[in-house]
Amino acid sequence: MTRLAEPQVSFADLEFLTQGIDLDPILKRICEILDDHPKIAKLVGKDLERGLKKPAMGRSGMTAPQVVRSLILMRVKNCDYRDLRERIADGYTLRRFSGFYSRRVPKHDAFNRAFNKLRPQTLQAINDVVLEAAVDLGVEDGKRLRVDTTVTETDIHHPTDNTLLWDVVRVLTRLIGRLAKHLPKGIDNFPNRTRSARRRMQAIQRMTTRQRHHQQQKKYRQLIGITQQVVHNARGVLEKTKDQCAVELMDDLVIGELRKKIDHYCQLGVRVIDQSRRRVLEGEQVPNEEKIYSIFETHTDLIKRGKVQKPIEFGHKIFLAESARGLITQYRVLEGNPSDHVHVTSSLKCHKKTFGLAPDCYSSDRGFFSDENIKACRGVKLVCIPQRGGKRTASREAFEKSPEFKKGQRFRAGIEGRISVLFRGRGMKRCLAKGRERFEVLVGAAVLTNNLMTIARLLNQKQKHFRRAA
């Protein structure tokens, strides 16, 4: 349940406040921004109340301000749930920032449950509120814009056909074993083929290039046959046990969930078997749209960006647009691997909607270039997009050698540093949460934290400047 009202400050908290124990300047400024915009807490509160018939009743839980502040703190410190709980419980300053003060800090799984209720649309709406606050505070004018795309990885191992087949065998066997423990009569006649499947998988992994020409198809046929048998047996178990019920109500609920998982992984197993047979045995080039790269993160896309160090990445492509002051004004988690040049028109429309006018400078790398995009940048004084392919005209070559264009390209390079900060400091390099929605929430939380810290830093710098001038 979710506690709706803010808890009362205790005498112990007042004593700490009178002793002058204060927050870090950046965290203190973030607190002021969140306090000045109660709409942020209201948006989070709607998500926390989702699915509850009577939100005001029941056991007390975390408030909306505590949830959003803890989420921001988790991304500021770039820590996991257990570390987050320990950091908040150990220090009064972080207790004060997160809104717990001297009260008991919940366990790590309470943070997990609260964050899982947040939707990507909510994080997007909160980021819009923060951008409006930056404009109102005078720290952002939207006159310059730089864009780029990057890839955030999903938490999967490098997918190969043999490891995917092995995943299907071991997961289905494990789930059937759990189901047998909860059924009154157990399960008979389900052979455990994990050992034989693992041996074939490891044999394929250890093959040399020469051995693959002669031995690979034989081993794959054996591994595919084992996987087919396991999927067939698992479906047979579902058919035989569909009318069985447990004595305890909780066991009956567990049985229902296990049956859903077994059916889900059986369907994925059929897809893995099909693509393995088509690719390895029949030599067919399977389209990327029909492939599955993980039975755990089925939403994963294969991304090729022409990078030497990472020619292939598994995750999702993300579009980012950053202002001159370091604020990420736009972000989108993309489907598949679209070309960069399709984002220019939409990013300009979004920028005009946010700031009311086109930027004076629009800068990107050559991946965003097209003749249509250059024409679409009407109203932009300086379009710094290097030409890609073809022979440059004399006027175009002179423009790209001009000091203004080179300055715009140096400005563009700054977004690479912002991406590095998001990866190293905000946990956006690899998403450890499960599911596409949790993936988008991670990206939104990383962007929100970056924007709040940037605004806080700019406001502190402005305050220092006024003090020196005075």
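This report concerns the structure included in the present document.

Calculation rules
- Residues numbered from 1 in each chain as written.
- Predicted model: local features only at pLDDT ≥ 70, side-chain atom pairs only at ≥ 80, totals over all residues.
- Heavy atoms only, no water.
- Salt bridge = Lys/Arg side-chain N within 4 Å of Asp/Glu carboxyl O.
- Helix = DSSP H or I, 4+ residues; strand = E, 2+ residues; numbered from the N terminus.
- Buried < 20%, exposed > 50% of the residue type's maximum accessible area, 1.4 Å probe, protein only.
- Disulfide = S-S within 2.5 Å.
- Arc of directions from axis to C-beta.
- Contact = heavy atoms within 4.5 Å.
- Polar contact = N/O pair within 3.5 Å; in protein donor to acceptor, adjacent residues only side chain to side chain.
- Expected span 1.5 Å × (residues − 1).
- Bend = angle between axes of the 7 residues up to and from the residue.
- Patch = residues over 30% accessible without salt bridge, like charges linked within 9 Å, V, L, I, M, F, W, Y side chains within 5 Å.
- Areas by Shrake-Rupley, 256 points an atom, 1.4 Å probe, with all protein chains shown as cover.
- Axes fitted to C-alpha atoms, helices over the stretch in contact; angles between N-to-C directions.
- Parallel < 35°, antiparallel > 145°, perpendicular 65-115°, else oblique.
- Nonpolar A, V, L, I, M, F, W, Y, C, P; charged D, E, K, R; others polar.
- Lys, Arg positive; Asp, Glu negative; His and termini not counted.
- Charge placed at Lys NZ, Arg CZ, Asp CG, Glu CD.
- Phe/Tyr/Trp six-rings, centres within 6.5 Å; stacked < 30°, edge-to-face > 60°.

Side note on the pattern of salt bridges
Then, number 1: One pass over the full model with this rule turns up 25 salt bridges.
Then, number 2: The partner of Asp 340 in a salt bridge is Lys 317, and the shortest N-O contact between them spans 3.2 Å. Taken together, the residues Asp 340 in the loop between strand E4 (328-333) and helix H13 (344-355) and Lys 317 in strand E3 (residues 313-323) connect sequence positions 23 residues apart.
Then, number 3: On the basis of relative accessible area, Asp 340 is assigned to the buried category, the value being 13%.

Some details on the state of the cysteines
Then, number 1: For the coordinates displayed, the defined rule picks out 0 disulfides.
Then, number 2: Take Cys 361: it sits in no disulfide, and the sulfur closest to it among the cysteines is that of Cys 384, at 4.4 Å.
Then, number 3: A residue is classified by how much of its surface remains accessible, and Cys 384, at 0% relative accessible area, is buried.

Some thoughts on helix H16 (residues 403-412)
Then, number 1: Those residues of H16 that fall on the buried side of the exposure criterion are Phe 405, Gly 408, Phe 411 and Arg 412. When H16 is viewed along its axis, its buried side chains cluster within an angular range of 115 degrees and face the same direction. Of the exposed residues in H16, the ones pointing more than 90 degrees away from its buried face are Pro 403, Lys 407 and Arg 410.
Then, number 2: At its buried positions, H16 is contacted by strand E1 (144-154), E3, strand E5 (361-363), strand E6 (382-384), helix H15 (394-400) and helix H17 (414-425).

Looking at the side chain of Thr 194
Then, number 1: Along the chain, the position of Thr 194 falls in helix H10 (residues 194-205).
Then, number 2: According to the relative accessible area criterion, Thr 194 is buried, its value standing at 18%.
Then, number 3: Side chain to side chain, Thr 194 and Asn 192 meet in a polar contact 2.6 Å long.
Then, number 4: Setting aside residues no more than four positions away along its own chain, Thr 194 makes contact with Trp 166, Val 169, Arg 170 and Thr 173.

A closer look at the environment of Gly 356
Then, number 1: By the element assignment, Gly 356 lies in the loop between H13 and E5.
Then, number 2: Taking the relative accessible area as the measure of exposure, Gly 356 reaches 64% and is therefore exposed.
Then, number 3: As a C-alpha pair, Gly 356 and Trp 166 span 190 residues in sequence and 54 Å in three-dimensional space.

Remarks on helix H11 (residues 209-240)
Then, number 1: End to end, H11 covers 45 Å across 32 residues, agreeing with the expected 46 Å (1.5 Å per residue, within 8%).
Then, number 2: Along its length, H11 shows its largest kink, about 60 degrees, at Gln 215.
Then, number 3: For H11, every residue scored as buried is listed here: Tyr 220, Leu 223, Ile 224, Ile 226, Thr 227, Val 230, Val 231, Asn 233, Ala 234, Val 237 and Leu 238.
Then, number 4: On its buried side, H11 packs onto helix H9 (161-182), H10 and helix H12 (249-281).

A few points about a nonpolar patch on the surface
Then, number 1: A surface patch of nonpolar side chains, about 220 Å² in accessible area, is lined by Val 9, Leu 14 and Leu 17.
Then, number 2: Tracing the backbone through its elements, the reader meets Val 9 in the segment before helix H1 (11-18).
Then, number 3: Overall, the relative accessible area of 37% leaves Val 9 in the partly exposed class.

Some thoughts on the packing of helix H4 (residues 64-77) against helix H18 (residues 436-469)
Describing two packed helices takes the angle between their axes plus the distance from one axis to the other.
Then, number 1: Put simply, H4 and H18 touch, their axes get as near as 9 Å, and they point 85 degrees apart. Put simply, H4 runs roughly perpendicular to H18. Listed contacts from H18 to Leu 71, Ile 72, Arg 75 and Val 76 of H4 are Leu 442, Ala 445, Ala 446, Leu 448, Thr 449, Leu 452 and Met 453.
Then, number 2: Looking at side-chain class alone, the contact of H4 with H18 contains 9 nonpolar, 1 polar and 1 charged residues.

Some points on a positive patch on the surface
Then, number 1: On the surface, a cluster of positive charge is contributed by Arg 174, Arg 178, Lys 181, Lys 261 and Lys 434.
Then, number 2: Locating Lys 434 in the fold gives a position in the loop between strand E7 (430-431) and H18.
Then, number 3: Overall, the relative accessible area of 53% leaves Lys 434 in the exposed class.

Regarding the packing of aromatic side chains
Then, number 1: In the structure shown here, the tally under the stated rule is 7 aromatic pairs.
Then, number 2: Here the aromatic rings of Phe 111 and Phe 115 are separated by 6.2 Å at their centres, their planes lie at 50 degrees, and the arrangement is tilted. Of this pair, Phe 111 and Phe 115 both sit in helix H7 (residues 108-116), 4 residues apart, which is roughly one turn of the helix. Comparing Phe 111 with Phe 115, the two get one shared label, buried.
Then, number 3: Between the aromatic rings of Tyr 293 and Phe 314, the centroid separation amounts to 5.5 Å while the plane-to-plane angle is 55 degrees, which identifies the pairing as tilted. Of this pair, Tyr 293 sits in the loop between H12 and strand E2 (301-303) while Phe 314 is found in strand E3, placing the two residues 21 residues apart along the sequence.

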